[in-house]
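Here's the letter readout for the chains.
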There are 2 protein chains.
Amino acid sequence: MKTFYWKLKTGFLILGIPLILSACSGSKSSMSEPIVLKEQGSFAVGGIVKESPGTFDPIEHGAFNPSDQRTEGQTLHGDHAFVFYQKPENARKLPLVFWHGYGQSMKTWQTTPDGREGFQSIFLRKDFPVYLIDQPRRGKAGRSTESTTITASTDDQLWFGIFRLGLGTEFYSGVQFSKDPKALDQFFRQITPDTGPLNINVNIEAVSELFDKIGSGVLVTHSHSGGQGWLAALKNNNIKAIVSYEPGSNFVFPESEVPEAMPYLGGELSARGVPMAEFKRLTEIPIIIYYGDYIPEKPVQNPGKEQWRVALAMARKWRDVVNEYGGDVTLVPLPEIGLEGNTHFPMSDLNNKEVAGLMYNWLKEKGLTKK
Amino acid sequence: MKTFYWKLKTGFLILGIPLILSACSGSKSSMSEPIVLKEQGSFAVGGIVKESPGTFDPIEHGAFNPSDQRTEGQTLHGDHAFVFYQKPENARKLPLVFWHGYGQSMKTWQTTPDGREGFQSIFLRKDFPVYLIDQPRRGKAGRSTESTTITASTDDQLWFGIFRLGLGTEFYSGVQFSKDPKALDQFFRQITPDTGPLNINVNIEAVSELFDKIGSGVLVTHSHSGGQGWLAALKNNNIKAIVSYEPGSNFVFPESEVPEAMPYLGGELSARGVPMAEFKRLTEIPIIIYYGDYIPEKPVQNPGKEQWRVALAMARKWRDVVNEYGGDVTLVPLPEIGLEGNTHFPMSDLNNKEVAGLMYNWLKEKGLTKK
């Protein structure tokens, strides 16, 4: 197992937990201390303009009449991402750009289900400019250029399993999730549907345009945005590092070295190939990947765990290939460094301050925390 | 026309603009001054839990498989509102709760289309705790208990007219909206669709539950939330005042005094009736209503203006009836006090600091700014 954290310094491994704790108990991390913002705001970025041929008559068809709407000669601005940003006083140079996962929005990085501070405020208190994304066709970036149907299907218990809180309705033993029923209620209400067909190219384009706009920064991904994050980094050199929590798909290999698809109970995880010249970009930036707990090494009769068994296995292969070509990928299964009970959402788990401390220490080690 | 602002003091009318300007140039309102937050966060409030009968087998059906999803025995948490709040240091007692209009989200109150500060930051700088709402089935409150289809219809020019920026694609002369094409691009991208059937009872219930949670506060509404705001105030005594920008529908009268529906080019505006005992609640709180510019007194061949002609006429009737029963409703068409060129979005127009100054002065006059 040692290969999982070969990039970590031995001293860090031994002293890791105390260091993390001290990083989190400093004078600026207490909830009673104020957050001092130089600036905050929101904007749309990326997207396209859809046009319908013809002419719009604003007199004849300028009233709102859902049963007789005319589209001729009109436009629709859609497929953008929505961004909310906050810049603290005395900020570090590189902002953190947080990108949510499947079925989620920027809420992932805000207040935790049990009401504590999420990464948005935790990293503001650590003096980082923080950008939160709603990806295209999700949340406040709801305007899509393609139609869709949203089916209000009951599926909370499916996600309870896939997000590794537990099985069915039973929490896993030792899970870092509050047993207050209100916390689970809040967690389920974080889910928000796609308002158009899910299209990762649309998402990647918008995130790349965000980095065109803001310049150099660190991309922080979660789950479904993990693979999209690798692809965004291929497009945009302003992405100077990636922190990825539980990437689940779209691992990008040189086209001659794409591993075989990995079957698991309920599905199959395949990888992507790109020309070596493109792939090389991923060797130029430091990358760290974290996975939580309850991820088995061998196949088990639990689909909620199975998906992550192969994701972790694929991530290991990917780390090895990127590093073989000169890259700097670190893979950290949290239980291996003493953090146990983490779900698929380490950023909002009960120990999220420790998880944030790990991320902060890595950023510092890589020279990404300069002011 | 004097009746429109009979509640305003003569001194204020004469000195209004200088007072507003001075209210906006104080030491805490400059963008270069920091915003000091005691706390910020987000949560879901209200909503229901939908349940499907049967049993969920997390082993058999616990993998994500869109073509074979089982709903049996599962739940869906939906129909909540999503709230993002910020509390400044040394805050005033009563928070401001901002509720967006039709096709919009809390973005309405954030950065303006041309990139300046919106009411979120303006009122934080004036020391108010600020709560922003995405109403149920909109934005980050996307999870609905009922299905829907979102049609990606081109309709920007329709809204350009209804939101009174201009006619077709031509801005009105003197309009308080940036002519930088990027501003209009951002404005159109604020639109975000319903992710479930629009149901004002669901919305009102969630907003009422928000006031149950936070206690006393001032509700600030816009357009479609205007009428919903009156209905929310009937349900919840924690709503201590209402500021309403361009309320468009659902004016609530005593059931014996419901005015006739008002026809306009492209539609008809009807009012609601409630028992007198309920209606009386609206006489117990101070209310101010603002309308912008380009609203004609008489019918015109312009549907984008017509809708607001009858809304303003209905608002006048409503003010008179509420005040007749002892209420305290002030109605301010902005052009009448010297603010010209305002669209349907005074809170983000080029003169939004003056618009905010008016609101602040009114809150102060009504004793709602105490610390």
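Residues numbered from 1 in each chain as written. Chains lettered and ligands numbered in written order. Predicted model: local features only at pLDDT ≥ 70, side-chain atom pairs only at ≥ 80, totals over all residues. Heavy atoms only, no water.

Per an unreviewed UniProt entry, chain A carries the name Alpha/beta hydrolase and comes from Salegentibacter mishustinae.

Draft legend 1. Region of interest: the overall build of chain A. If you tally the helices and strands in chain A, you get 9 helices and 15 strands. The C-alpha atoms of chain A give a radius of gyration of 21 Å, which matches the 21 Å a tight globule of 371 residues would have. Summarising its shape, the C-alpha atoms of chain A cover approximately 75 × 50 × 50 Å along the three principal directions. Burial statistics for chain A: of 371 residues in total, 64% are counted as buried. Taking as baseline every contact in chain A between residues at least 6 positions apart, the subset at least 24 positions apart corresponds to 76%. Summed over its atoms, the accessible surface of chain A is roughly 13100 Å², and 51% of this surface lies on carbon and sulfur atoms. Of the charged side chains in chain A, 39 are positive and 41 negative, and the gap between their average positions amounts to 7 Å. (Helix = DSSP H or I, 4+ residues; strand = E, 2+ residues; numbered from the N terminus. Rg over C-alpha atoms; globule rule 2.2 N^0.38 Å. Buried < 20%, exposed > 50% of the residue type's maximum accessible area, 1.4 Å probe, protein only. Contact = heavy atoms within 4.5 Å. Areas by Shrake-Rupley, 256 points an atom, 1.4 Å probe, with all protein chains shown as cover. Lys, Arg positive; Asp, Glu negative; His and termini not counted. Charge placed at Lys NZ, Arg CZ, Asp CG, Glu CD.)

Draft legend 2. Up close: the relation of the copies chain A and chain B. Taken as rigid bodies, chain A and chain B are interconverted by a rotation of 180° and an axial shift of 0.0 Å, the fit giving an RMSD of 0.0 Å. Such values leave the two copies arranged in the relation of a two-fold axis. When the interface residues of chain A are mapped onto chain B, 100% of them are again interface residues, pointing to one common binding face. (Least-squares fit on C-alpha atoms with pLDDT ≥ 70 in both.)

Draft legend 3. Representation of the interface of chain A and chain B. Of the residues lining the interface, 89 residues belong to chain A; the matching set on chain B comes to 89 residues. Carbon and sulfur atoms make up 52% of the surface buried where chain A meets chain B, a total of about 7000 Å² over both sides. It is Lys140, Thr154 and Arg189 of chain A that lose the most area in chain A upon contact with chain B, and together they represent 12% of the buried surface on that side. At the boundary of chain A with chain B, the tally comes to 6 salt bridges. When the shortest N-O distance is used, the salt bridge between Arg143 of chain B and Asp155 of chain A registers 2.4 Å. Linking chain A with chain B are 53 residue pairs in polar contact (both at pLDDT 80 or more). Breaking the side of chain A that touches chain B down by element, the ones donating at least two residues are strand S1 (35-51), strand S2 (75-88), helix H2 (119-125), strand S5 (148-150), helix H3 (156-162), helix H4 (181-189) and helix H8 (303-324) of chain A. When residues of the side of chain A that touches chain B are assigned to their parent elements, the largest contribution, 16 residues, is made by S1 of chain A. (Buried area = accessible area lost by both parts, 1.4 Å probe. Salt bridge = Lys/Arg side-chain N within 4 Å of Asp/Glu carboxyl O. Polar contact = N/O pair within 3.5 Å; in protein donor to acceptor, adjacent residues only side chain to side chain.)

Draft legend 4. Representation of the packing of aromatic side chains within the structure. The tally for this structure, following the rule as stated, stands at 55 aromatic pairs over all chains. On the basis of an interplanar angle of 80° and a centroid distance of 5.1 Å, the ring pair of Phe187 of chain A and Phe345 of chain A is categorised as edge-to-face. Here the residue Phe187 of chain A occupies a position in helix H4, and Phe345 of chain A occupies one in the loop between strand S15 (328-333) and helix H9 (352-365), the gap between them amounting to 158 residues. Phe345 of chain A carries the same exposure label as Phe187 of chain A, and that label is buried. Seen from their ring centres, Phe123 of chain B and Phe128 of chain B are 5.7 Å apart, and the 65° between their planes marks the pair as edge-to-face. We classify Phe128 of chain B as buried; its relative accessible area is 0%. The rings of Phe64 of chain A together with Tyr102, Trp159, Phe160, Phe163, Phe171, Phe177, Phe187, Phe188 and Phe345 of chain B are connected pair by pair, giving a single aromatic cluster. The ring of Phe128 of chain A carries Arg92 of chain A above its face, with NZ or CZ at 5.0 Å from the centroid. Over the aromatic face of Phe43 of chain B sits the side chain of Lys213 of chain B, whose NZ or CZ is 4.5 Å from the ring centroid. (Phe/Tyr/Trp six-rings, centres within 6.5 Å; stacked < 30°, edge-to-face > 60°. Lys NZ or Arg CZ within 6 Å of the ring centre and 35° of its normal.)

Draft legend 5. View of the side chain of Ser223 of chain B. Here Ser223 of chain B lies in the loop between strand S8 (217-222) and helix H6 (224-235). If we skip the residues at most four places from it in the chain, Ser223 of chain B touches Gly101, Tyr245, Glu246, Pro247, Gly248, Trp308 and His344 of chain B.

Draft legend 6. Structural view of the environment of Glu209 of chain B. All names here are of chain B. Mapped onto the secondary structure, Glu209 falls in helix H5 (residues 200-214). Along the backbone, Glu209 and Gly47 are 162 residues apart, and their C-alpha atoms lie at a distance of 9.1 Å. In contact with Glu209, not counting residues within four places along its chain, are Val45 and Gly46.

Draft legend 7. Here's a closer look at H4 of chain A. Taken residue by residue, H4 of chain A has Ala183, Leu184, Gln186, Phe187, Phe188 and Arg189 of chain A as its buried positions. Where H4 of chain A is buried, its residues touch H3 and strand S7 (170-171) of chain A together with strand S1 (35-51) and strand S2 (75-88) of chain B. Two to three positions downstream of the cap, the backbone nitrogen of Lys182 of chain A sits 2.9 Å from a side-chain oxygen, assigning the N-cap of H4 of chain A to Asp180 of chain A.

Draft legend 8. The arrangement of the side chain of Ser249 of chain A in detail. Secondary-structure assignment places Ser249 of chain A in the loop between strand S9 (239-245) and strand S10 (252-254). Ser249 of chain A gets classed as buried once you look at its relative accessible area, which sits at 17%.

Draft legend 9. Structural context of the layout of surface pockets. In this structure, the largest pocket occupies an estimated 1200 Å³ of space. Forming the boundary of the largest pocket are 49 residues, of which Tyr102, Trp159 and Asp194 of chain A together with Phe64 and Pro66 of chain B lie nearest the centre. Among the elements of the structure, S5, H3, strand S12 (267-269) and H8 of chain A are those that each provide at least two residues to the lining of the largest pocket. The element contributing the most residues to the lining of the largest pocket is H8 of chain A, with 4 residues. Along the lines of polarity and charge, the residues of the lining of the largest pocket split into 20 nonpolar, 23 polar and 6 charged. Approximately 620 Å³ is the volume found for the second largest pocket. (1 Å grid on protein atoms, 1.4 Å probe; cavity = no way out; pocket = protein on both sides within 12 Å on 5 of 7 lines; lining within 4 Å. Points joined across faces, edges and corners; volume = space filled by probe spheres on them. Nonpolar A, V, L, I, M, F, W, Y, C, P; charged D, E, K, R; others polar.)

Draft legend 10. Representation of the environment of Leu96 of chain B within the structure. All names here are of chain B. Turning to its location among the elements, Leu96 is positioned in strand S3 (residues 96-99). When the C-alpha positions of Leu96 and Gln120 are compared, they lie 9.4 Å apart, and in sequence the two are 24 residues distant. Not counting residues within four places of it along the chain, the set of residues in contact with Leu96 comprises Phe123, Phe128, Pro129, Val130, Tyr131, Val218, Val220, Met359 and Leu363.

Draft legend 11. Up close: the pattern of salt bridges. The tally for this structure, following the rule as stated, stands at 38 salt bridges over all chains. Of the charged contacts, one joins Asp328 of chain A and Lys366 of chain A as a salt bridge, the two residues approaching to 2.9 Å between their closest N and O atoms. With Asp328 of chain A in strand S15 and Lys366 of chain A in the segment after H9, this pair connects stretches of sequence that are 38 residues apart. With a shortest N-O distance of 2.6 Å, Glu246 of chain B and Arg164 of chain B are connected by a salt bridge. Here Glu246 of chain B, found in the loop between strand S9 (239-245) and strand S10 (252-254), pairs with Arg164 of chain B, found in the loop between helix H3 (156-162) and strand S6 (166-167); they are 82 residues apart in sequence, far enough to count as distant. As far as the burial class goes, Glu246 of chain B and Arg164 of chain B line up, both buried.

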